[in-house]
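Structure at a glance
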Amino acid sequence: MNPDKHNNGGLGNSIYQIESQQYYALLREVHNKVFSFNPQRIQAEKTAERYHNGNVEGIDNLYTFINILKEQMKDKAEVKGVDYGCGNHFFIDDARKQFGWDVIGYDVDEVAIKEAKEKYPENADRYIHLDLLKNKIPLEDKSQDFVFCNAVIQHFSDTEVGFSLGDIARILKPGGILALVFKRNIDDWKGFSVKTGLKVKVLDAKEGKIKIEDEPMKKAIQELDDHKKSTLNKDTQEGLRLFHFFSIEGITDIAKQKGFDVLKNIEVGNEKLDKAILTYRSGKGIPAATIFFLRL
Ligand SMILES: C[S@@+](CC[C@H](N)C(=O)[O-])C[C@H]1O[C@@H](n2cnc3c(N)ncnc32)[C@H](O)[C@@H]1O
C-alpha cells in the first residue's frame, strides 16, 4: 500500500481525519444530529435486510456480525469488549443489556458522546470521549475478549490504521476477536457510479482514496448561507465526501503485521466459511466487508 502522503507529522491529522471531523460538524450544524441518531436507522440495523450481494447468503444487517461475535464469545463466563469509534451507536447499550457483556466505547466526537450519554442513561459512563489516534486505549494489555469497530477506519490513513490495529492488538487477550466492518476498495469504481447514480470521484484508486456523493451532506450544504458555503472546498460544496476504502488484502497484511490472523471456520446463516471474510454491499451499493480477526 502507498505510504501515507498526507500525515504531516502526527497521527490523527491525516486528510481523512480532518475531512471526517468537518463532515460531522457540518451535518450537525444543519440537521442537528448525525445520521446514526435516527431511530429508523437503528431499527433497520437490527431487523431489515440492509446489505446485498454478499459472498454468502444471510448477510442482512449489523446483527449478522454481532451474532457471529456472540457465537465466538459463547463459552466465556465473562465477556469484556470495546466499541472502537462508537459514536452514539446502540451497540454498547444493547450488548450490556441483552448479553451482559462488559462493553466500553471511545470516540473523538465529543457531541456524539454527549448524545449517547443522554440516549443511554443507564450506560452513560460507558461512552467515553477520546481521540484514539492521539491516545492509546486506556485499558490494560491483554485485558479484552473482543473489539468491535464499525465504519471507523474509512477515516484513517494507512499509518493511522497501523497504529490503531497495533493498539487494538495490545489490549486483546490471545484468542480475542477483532470484528472490523469497513468500506471495501474495488477495481471498478466507474461501474459503481453507473449502477447507483451516485457521483464518485476516484482520487487514488490504488490507495482507495475516493469521494462519493453523500445525500445528507448535500442537503446540509444546500441549507448553508453563501458565505459559509464559500469556505468549503469545491468537492464538499457538491456533496462529495472523502473516504479511505481498504482492500481485503491490504488490511489483512497490516493486521498480520500487528499479530492477527483471519479467524477460520465460521457459520453465517446455514453456510460455512473457511475464512471469516464477509463481502457485501450497503443499501446504497457501497462495497463493504467485515473481517473477523483472531489475536494470536
Ligand atoms: C461512520 S461513524 C461510525 C460510528 C459508530 N461506530 C456507528 O457504527 O454508528 C465513524 C466514527 O469514527 C469516529 N472517529 C473517527 N476518527 C476517530 C479518532 N481519531 N478517534 C476516535 N474516533 C474516531 C468518528 O467520530 C465517528 O463517530
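A brief report on the enclosed structure follows.

Some words on the sheet that holds strand β6 (residues 200-204)
Backbone hydrogen bonds hold the strands of a sheet together, and the pairing may be parallel or antiparallel. If you walk across this open sheet you meet the 3 strands as β6-β7-β8, and the pairing is antiparallel. What marks the edges here is a single partner per strand, and that holds for β6 and β8 (240-244). Mean inter-strand twist for the sheet, computed between neighbouring axes without regard to direction, equals 25°. Relative to β8, strand β7 (residues 209-213) runs antiparallel, the two being bridged by 5 bridges. By the bridge assignment for β8, E213 is matched with L240.

Re the site of the ligand
As a matter of local geometry, the ligand sits amid 20 residues, with G85, G87, V108, D109 and L132 nearest to it. Secondary-structure elements contributing two or more residues to the shell around the ligand are α1 (15-31) and β2 (102-107). Broken down by class, the residue content of the shell around the ligand amounts to 8 nonpolar, 9 polar and 3 charged.

Focus: unusual backbone geometry
Of note, the phi angle at N53 is positive, near 55°, even though the residue is not glycine. As for its position among the elements, N53 is in the loop between α2 (39-47) and α3 (62-73).

Points about the nonpolar core
Looking at soluble globular proteins, one finds that nonpolar side chains tend to be buried together. Counting residues in each nonpolar core, the largest one holds 67 residues, and the members touching the most others are Y84, V147, C149, L178 and A179. With sequence-adjacent residues up to four places away left out, V147 is seen in contact with G81, V82, Y84, I168, L172 and L178.

Details of the pairing of β7
Across 4 bridges, β6 lies against β7 in antiparallel orientation. Opposite K201, over in β7, you have K211 as the bridge partner. The hairpin formed by β6 and β7 contains 4 residues between the paired strands, and G208 there has a positive phi angle of roughly 85°.

A closer look at the pairing of strand β1 (residues 80-84)
Look at any regular strand and the pattern is simple: side chains alternate between the two faces of the sheet. In terms of burial, β1 is a largely internal element, 4 of the 5 residues being buried. Relative to β2, β1 is paired through 5 bridges, and the arrangement is parallel. Residue pairing across strands places V82 opposite I104, the latter belonging to β2. Tracing the backbone out of β1, into helix α4 (residues 91-99) and back to the parallel element β2 gives a crossover that is right-handed. Pairing of β1 with strand β4 (residues 144-150), which is carried by 3 bridges, proceeds in the parallel orientation. Note on β4: the bridge partner recorded for G81 is F146.

Topic: the environment of R241
Tracing the sequence through the fold places R241 in strand β8. A tally of 21 C-beta atoms within 10 Å means that R241 is categorised as buried. It is 23 Å that separates the C-alpha atoms of R241 and H52, two residues lying 189 residues apart in sequence. If we ignore the near neighbours within four places in the chain, the residues touching R241 are Y23, K211, I212, D214 and M217.

Examining the environment of G197
Summarising the element assignment, G197 is placed in the loop between α7 (189-196) and β6. With 8 C-beta atoms counted inside 10 Å, the residue G197 sits in the exposed group.

Some words on α4
For an α-helix the count is 3.6 residues per turn, leaving residues at separations of three or four pointing the same way. Among the residues of α4, F91, I92, D93 and A95 are the ones counted as buried. Residues of α4 that are buried in the fold lie against β1, β2, β3 (127-129) and β4.

What counts, and where the lines are drawn
- The numbering scheme is per chain: residues are counted from 1 as the chain's sequence reads.
- Per-residue local features are limited, in this predicted model, to residues with pLDDT of at least 70; the limit for side-chain atom pairs, both in listing and counting, is 80 or more; totals at the level of whole chains, interfaces and linings are taken over all residues.
- By the convention used here, strands pair only if DSSP detects at least 2 bridges between them.
- Numbering of helices and strands runs from the N terminus, with a helix taken as a DSSP run of H or I at least four residues long and a strand as a DSSP run of E at least two residues long.
- Axis lines are fitted to C-alpha atoms, over the contacting stretch for helices. Their N-to-C directions set the angle, which ranges from 0 to 180 degrees.
- What makes a residue near a molecule or strand is its C-beta atom, placed from the backbone, lying within 6 Å of it.
- In this classification, Asp, Glu, Lys and Arg are treated as charged, Ala, Val, Leu, Ile, Met, Phe, Trp, Tyr, Cys and Pro as nonpolar, and every other residue, Gly included, as polar.
- Joining buried Ala, Val, Leu, Ile, Met, Phe, Trp, Tyr and Cys residues through C-beta atoms within 7 Å gives a set, and that set is a nonpolar core.
- Exposed residues have 12 or fewer other C-beta atoms within 10 Å of their own C-beta, buried residues have 20 or more, and partly exposed residues fall in between, where C-beta atoms are placed from the backbone.
- Two residues form a contact once the distance between their C-beta atoms, set from the backbone, is within 7 Å.
- Here the term right-handed applies to a crossover when the path leading from its first strand over the helix to its second strand runs clockwise, the strands being oriented away from the viewer.

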